[in-house]
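# Chains, contacts and geometry: an overview
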Amino acid sequence: MKKGLLVLLVIVAGVYLFFNSETHKFEKIADNVFVMHGPLDEPNPENKGFMNNPGVIVGKNGAIIIDPGSSYQIGKMVLDKVKAITDKPIVAVFNTHVHGDHWLGNQAVVEQYPAVKIYAHKNMIKQAKEGEGERWVALMNTLTEGATDGTIATFPTDATTNLQIIKIDSETFKMHHDITGVAHTNTDLMVEHIPSKTLFLGDNGFVHRQGRFDNTSDMHGNIKALEYAINLNLTHYVPGHGPTGDANHAVKPFLDYLLIVQDEVEKGYKEDLADYEIKPTALKKLATYRDWHGFDSQFGRHINKMLLEVEALDD
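Residues numbered from 1 in each chain as written. Predicted model: local features only at pLDDT ≥ 70, side-chain atom pairs only at ≥ 80, totals over all residues. Heavy atoms only, no water.

### Notes on unusual backbone geometry
In this model, aspartate 169 sits at a positive phi of 55°, which is unusual for a non-glycine residue. A relative accessible area of 35% places aspartate 169 in the partly exposed class. In this structure, aspartate 272 takes a positive phi of about 60° despite not being glycine. Locating aspartate 272 in the fold gives a position in the loop between helix 7 (252–270) and helix 8 (275–285). (Buried < 20%, exposed > 50% of the residue type's maximum accessible area, 1.4 Å probe, protein only. Helix = DSSP H or I, 4+ residues; strand = E, 2+ residues; numbered from the N terminus.)

This is the structure we're talking about:
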């Protein structure tokens, strides 16, 4: 019994330290724009599933959150950290895509602000309601060994359209999706905060971390999305994971990675090589990315995915 109580106390202390850590706080990137950069690790009991980059824009009378995180617990933590920079209420939320590590925190926001509007791509809303929400709730709870227990999928309320201008309080946003077709997913929404020239990329952008490309993704489309983002010529780019920066620091590294993978796969395809035969040459070209989190687990999959896309384009 004493041992069990000790374990419980250690867990509680760990949770307290995590949620009260100065490591997790909003950093100012523009006059009224803040980003909390999440850990690069996979969801686990220690990080409580927190891994994305929630953003906050503080308007005249209220605040707007971009991607409030992976669970009810993380959503509450994000709200607590918002209150450290403003006492204004949350008046709106944007969800960048259907992957739950970015939006399951909606639950905590709605609990405190029931009238809040939550904007997302129409495909994201549809997929979340048709099972992806519940799947992500279960996945997060499994990966964190119960640290996200009690999370309920809380869906966006308002579907966006491409190049739509949305005015919230004193702030103006522009929606970017469907311009390049499917990219990281077929639910992607990139959110531009017009006054600060900031673009929230969602998981179209990664820095120091490798992302997954599942069966709803398109690597060629992701390349086009990042090229499009750079051509917007904005000042600040916020990736879904990794540090914020200008285009050279927060967009171009992942774009260059994808372009190298594309080039090596296309050359290998012309030589009738299999994916495992393409990997050694591609690996030499990608040496600077070896320290990105998840490189070893995702690199081979990226080669295989790109090869399948190149083959499909040639049919």
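### Focus on the confidence of the model for the protein
When pLDDT is low, close inspection of the predicted coordinates is not appropriate. Overall, the predicted model of the protein reaches an average pLDDT of 93, with 93% of residues at or above 70. For the stretch residues 1–17, pLDDT sits under 50, and the model shows one contact to residues farther than four places along the chain or on other chains. (pLDDT = per-residue confidence, 0-100. Contact = heavy atoms within 4.5 Å.)

### Considering the pairing of strand 12 (residues 236–241)
Within strand 12, six of the six residues are buried, which leaves the element mostly enclosed by the surrounding structure. As defined by bridge partners, strand 11 (residues 198–206) adjoins strand 12 across five bridges and the pair is classed as parallel. Directly across from glycine 202, in strand 12, lies its bridge partner proline 239. (Pairing = 2+ DSSP bridges.)

### As for the pairing of strand 3 (residues 55–58)
Going residue by residue along strand 3, you find Gly55 and Ile57 tucked away on one face and Val56 and Val58 tucked away on the opposite face as well. Examined bridge by bridge, strand 2 (residues 33–35) and strand 3 share three bridges and lie antiparallel to one another. Across the sheet, residue valine 33 finds its bridge partner in strand 3, namely isoleucine 57. Relative to strand 4 (residues 63–66), strand 3 runs antiparallel, the two sharing four bridges. Residue pairing for strand 4: valine 58 is matched across the bridge by alanine 63.

### Quick word on the side chain of asparagine 52
For asparagine 52, the position within the fold is in the loop between strand 2 and strand 3. Within the structure, the side chain of asparagine 52 is placed 3.1 Å from the backbone oxygen of aspartate 67, a separation counted as a polar contact. (Polar contact = N/O pair within 3.5 Å; in protein donor to acceptor, adjacent residues only side chain to side chain.)

### Quick look at the sheet that holds strand 12
One open sheet accounts for five strands, arranged 8-9-10-11-12; its pairing is mixed. Looking at the sheet topology across the chains shown, the edges are occupied by strand 8 (165–168) and strand 12. The sheet shows a mean angle of 30° between the axes of neighbouring strands, taken without regard to direction. Pairing of strand 10 (residues 190–193) with strand 11, which is carried by three bridges, proceeds in the antiparallel orientation. Bridge pairing in strand 11 links glutamate 192 to leucine 199. (Axes fitted to C-alpha atoms, helices over the stretch in contact; angles between N-to-C directions.)

### Some words on helix 5 (residues 219–231)
Owing to its 3.6 residues per turn, the α-helix aligns residues three or four sequence positions apart on the same side. Given a rise of 1.5 Å per residue, 13 residues ought to cover 18 Å, and the 19 Å separating the end C-alpha atoms of helix 5 matches this to within 8%. All of the buried residues in helix 5 are Met219, His220, Gly221, Asn222, Ile223, Ala225, Leu226, Tyr228 and Ala229. Buried residues in helix 5 make contact with strand 9 (171–176), strand 10, strand 11, strand 12, helix 7 and helix 9 (295–314). One side-chain oxygen of the residue at the start of helix 5 lies 3.0 Å from the amide nitrogen of histidine 220, identifying that residue as aspartate 218. Positive backbone phi, approximately 55°, marks asparagine 233, located one or two places after helix 5. (Expected span 1.5 Å × (residues − 1).)

### Here's the deal with the packing of aromatic side chains
Using the criterion set out here, one finds 10 aromatic pairs in the structure. A centroid spacing of 6.5 Å and a plane angle of 10° characterise the contact between phenylalanine 213 and phenylalanine 254, whose relative ring orientation is stacked. Of this pair, phenylalanine 213 sits in the loop between strand 11 and helix 5 while phenylalanine 254 sits in helix 7, placing them 41 residues apart in sequence. Judged by relative accessible area, which is 12%, phenylalanine 213 ranks as buried. (Phe/Tyr/Trp six-rings, centres within 6.5 Å; stacked < 30°, edge-to-face > 60°.)

### Some points on the packing of helix 7 against helix 8
Helix 8 packs onto helix 7 with a crossing angle of 150° between their chain directions and a minimal axis gap of 10 Å. Judged by the angle between their axes, helix 7 and helix 8 are roughly antiparallel. Of the two elements, helix 7 crosses helix 8, and the hand of that crossing is right-handed. Residue-level inspection shows Ile260, Glu264, Val265, Lys267, Gly268 and Tyr269 of helix 7 in contact with helix 8, the latter providing Ile278, Thr281, Ala282 and Lys285. Of the residues belonging to the contact of helix 7 with helix 8, the class tally is five nonpolar, two polar and three charged. (Parallel < 35°, antiparallel > 145°, perpendicular 65-115°, else oblique. Left-handed = near helix turned anticlockwise from the far one by under 90°. Nonpolar A, V, L, I, M, F, W, Y, C, P; charged D, E, K, R; others polar.)

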